[in-house]
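Listed below, chain by chain, are the residues.
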Amino acid sequence: MPKGKVLIIDDESDVRDVLKFHLSENNYQVIEAENGQEGIDLLKSGDNLIHVGVILCDIRMPKVNGIECIQYLRQEAPGIPIVVVTGFPDTQMAVNLLNEGVKDYLVKPVEKEKLVATVEKLIAGGKEINF
Amino acid sequence: MPSHRVQQILWALPDPLMAVTSTLQVEYINSALEKMLGVSLDQMQGKNIQEAELETGNDWKDLLQRIKDFSCGNSVSGKRADRENNKTKELINDPLMPKNSMGPYQNRPKINLNSKIYFYEIFEVPDPQNSNPLSVVLFREITRDIEINDQMVQAEKMSGLGTLAAGLAHELNNPLYTLIGFSEMILRESDKAKIDLIAGRISERSKKLVAILENLNSYIQLNPIDGHMTVNINERLDAALEIALLTHESKNITVTKYYSPLPFFKARSDEIQQIFFNIFANSIQAMNGNGNLEIRSTNIDRGKGIVVAIQDTGEGVPKEYIAKVFDPFFTTKDQGEGTGLGLTAAYQLVKKYGGRIKFNSVQGEGTTVEIYLPVENGTAL
């Protein structure tokens, strides 16, 4: 029985593979999308909206980029915590994203322990429900 | 206008002004110059300016020398000195420094007095009673302009560095992350076949990292003209195009080629390929994965020249930016998406081979880049 379902949105398949490897090893179920548009579609399909516990999202991606994707996700699925995983350390952007409701901002290369701990904490915290 | 009115106007001129004879006798100074030097017209009139005890430095001596040269009709030496100064400036050019770093006063003679900076111009006024004309020096204070200019240069430098650093961080962090992850996968894996597969990906990724650094190196450092080979331009176009299409979002891009037989070109083939790659990369990015790329190579001047035209149907560059496209670190892409060095490097390389590069763009319609390369002793293909 997996500990939870994680949606990874990143344009590089190598990066997705490594994130998936680290998370599967820790008993998380992973679904992947290679751009923002695909991520949104995937989230809407099946029962993903209910079961996805955390979204890991890159920033720099073709088509719908991370920022646009995050804005959309915050509207359509405000309860699912989003973690930005990017190779692009930018303090100002991190602050802005955190203000927009992003739960964490991890910079690649992110340590496996840090990644797993972040996902674990957010899944344990459950979804936010705003009344 | 009565002459005393003209005098009043000169006197009130906010810019310092002085008139001296060819022997440096002071004929006239205005009120602004009184303030600038801390002297009065009465004190100075008729005196030799070299004898006046003024607290001035080397700039002042230089100014007096220029006046002397000027009144002897010998202004060439001053100009030559200027030219030589410029030469050294070009040689030690800081690659992070935008062009025209001193603004409009860059090559003007300047004087530093009591921590204020003035630039000046010398012109002559014929004197009917004397065969030697008067030399008039008009000063303008530019302390504030230079300060603002310095700040702008600094800001541009920093933003350039920031763009480069952010771009680099992104380019390197992603592959590094996967390398760490893949090696961890190997540590956990006992199946030989799977280990081989992952090791293959590590090797592939590492090579990409090397390519990124090599690419960056060629941006920053131009190799001296050495190791020249005869390069087939059409082949380099194809090679550059292949890499550019592979490394960028290019699913729905159609490529049309009109290649003419070309003479061989003596150059380093990697540098020629770099020129084309940098332009292709921009074109492909500008089309956002959708559009037509037209590549045309022609042989002109009976084999003496090669023209390569690369045309895209991308988003184009706004008019106001066209003049800046070859500036280092100038980019219209988002932070981290481009270093702003691609066209700079292409420009420098084309110049290195004695060629020219032309950039035409219409916003919303597309961009055409035309490269002209002169062939020396070209051999027909």
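Just above sits the structure.
What you are looking at is a predicted structure, and each value in this text was computed from that prediction instead of being measured. (Residues numbered from 1 in each chain as written. Chains lettered and ligands numbered in written order. Predicted model: local features only at pLDDT ≥ 70, side-chain atom pairs only at ≥ 80, totals over all residues. Heavy atoms only, no water.)

> Explain the sheet that holds strand β2 (residues 29–33) of chain A to me, please; I cannot follow it from the model alone.
Whenever strands of a sheet pair, they do so through backbone hydrogen bonds, lying parallel or antiparallel. All names here are of chain A. Taken in spatial order, the 5 strands of this open sheet run β2-β1-β3-β4-β5, and their pairing is parallel. One side of each edge strand has no neighbouring strand; the edge strands of this open sheet are β2 and β5 (104–107). When the angles between neighbouring strand axes are averaged without regard to direction, this sheet yields 25 degrees. As judged from the 4 bridges shared by strand β4 (residues 82–86) and β5, these two strands associate in the parallel manner. Its bridge partner lying in β5, T86 is registered against V107. (Pairing = 2+ DSSP bridges. Helix = DSSP H or I, 4+ residues; strand = E, 2+ residues; numbered from the N terminus. Axes fitted to C-alpha atoms, helices over the stretch in contact; angles between N-to-C directions.)

> When you look at the side chain of R16 of chain A in this model, what are you seeing that I'm missing?
Residues and elements named next belong to chain A. Within the secondary structure, R16 sits in helix α1 (residues 13–25). Residue R16 is classed as buried on the basis of its relative accessible area, which comes to 10%. Side chain to side chain, R16 and E32 meet in a polar contact 2.8 Å long. The contacts of R16, once residues within four sequence positions are left out, are I8, D10, D11, E32, A33 and E34. (Buried < 20%, exposed > 50% of the residue type's maximum accessible area, 1.4 Å probe, protein only. Polar contact = N/O pair within 3.5 Å; in protein donor to acceptor, adjacent residues only side chain to side chain. Contact = heavy atoms within 4.5 Å.)

> Would you mind going over the interface of chain B and chain A with me for this structure?
Interface size, as often reported, equals the accessible area lost upon joining of the parts. On the chain A side, the residues contacting the 20 residues of chain B number 22 residues. Summed over both sides, the interface between chain B and chain A buries roughly 2,000 Å², with carbon and sulfur atoms accounting for 53% of that surface. Across the contact surface, chain B and chain A share 5 salt bridges. If you look at where chain B meets chain A, you find 10 residue pairs in polar contact (both at pLDDT 80 or more). Breaking the side of chain B that touches chain A down by element, the ones donating at least two residues are α6 (143–188) and α7 (192–220) of chain B. Looking at the side of chain B that touches chain A residue by residue, the class counts come to 6 nonpolar, 7 polar and 7 charged. (Buried area = accessible area lost by both parts, 1.4 Å probe. Salt bridge = Lys/Arg side-chain N within 4 Å of Asp/Glu carboxyl O. Nonpolar A, V, L, I, M, F, W, Y, C, P; charged D, E, K, R; others polar.)

> What's the story with a nonpolar patch on the surface in this structure? I'm lost.
Residue and element names in this part refer to chain B. Side chains of M1, V6, I9 and L10 sit close together on the surface and give an oily, nonpolar patch of about 390 Å² of accessible area. With respect to the element layout, V6 can be found in helix α1 (residues 3–12). By relative accessible area, V6 is classed as partly exposed at 38%. (Patch = residues over 30% accessible without salt bridge, like charges linked within 9 Å, V, L, I, M, F, W, Y side chains within 5 Å. Areas by Shrake-Rupley, 256 points an atom, 1.4 Å probe, with all protein chains shown as cover.)

> Can you help me understand the packing of helix α2 (residues 36–44) of chain A against helix α4 (residues 66–76) of chain A in this one?
What describes two packed helices is the angle between their axes and the distance between those same axes. Residues and elements named next belong to chain A. Running from N to C, α2 and α4 cross one another at 20 degrees; their axes reach a closest spacing of 9 Å. Compared by their axis directions, α2 and α4 come out roughly parallel. As α2 runs across α4, the sense of the crossing is right-handed. Judged by residue contacts, G36, I40, L43 and K44 of α2 engage C69, Y72 and L73 from α4. (Parallel < 35°, antiparallel > 145°, perpendicular 65-115°, else oblique. Left-handed = near helix turned anticlockwise from the far one by under 90°.)

> Please explain the state of the cysteines as it appears in this structure.
Two cysteines form a disulfide when their sulfur atoms are joined by a covalent bond. All told, the structure shown has 0 disulfides over all chains when counted by the stated rule. Cysteine C57 of chain A remains unbridged, with the sulfur of C69 of chain A as its closest cysteine sulfur at 4.2 Å. (Disulfide = S-S within 2.5 Å.)

> Can you help me understand the packing of helix α9 (residues 269–286) of chain B against helix α11 (residues 342–352) of chain B in this one?
Residues and elements named next belong to chain B. Two elements in contact, α9 and α11, have axes whose closest approach is 9 Å; the angle formed by their N-to-C orientations is 145 degrees. With respect to the hand of their crossing, α9 and α11 are arranged in left-handed fashion. Contacts between α9 and α11 pair E271, Q274, I275, N278, I279 and N282 from the former with G342, L343, A345, A346, L349, V350 and K352 from the latter. Its residues placed into classes, the contact of α9 with α11 shows 7 nonpolar, 4 polar and 2 charged.

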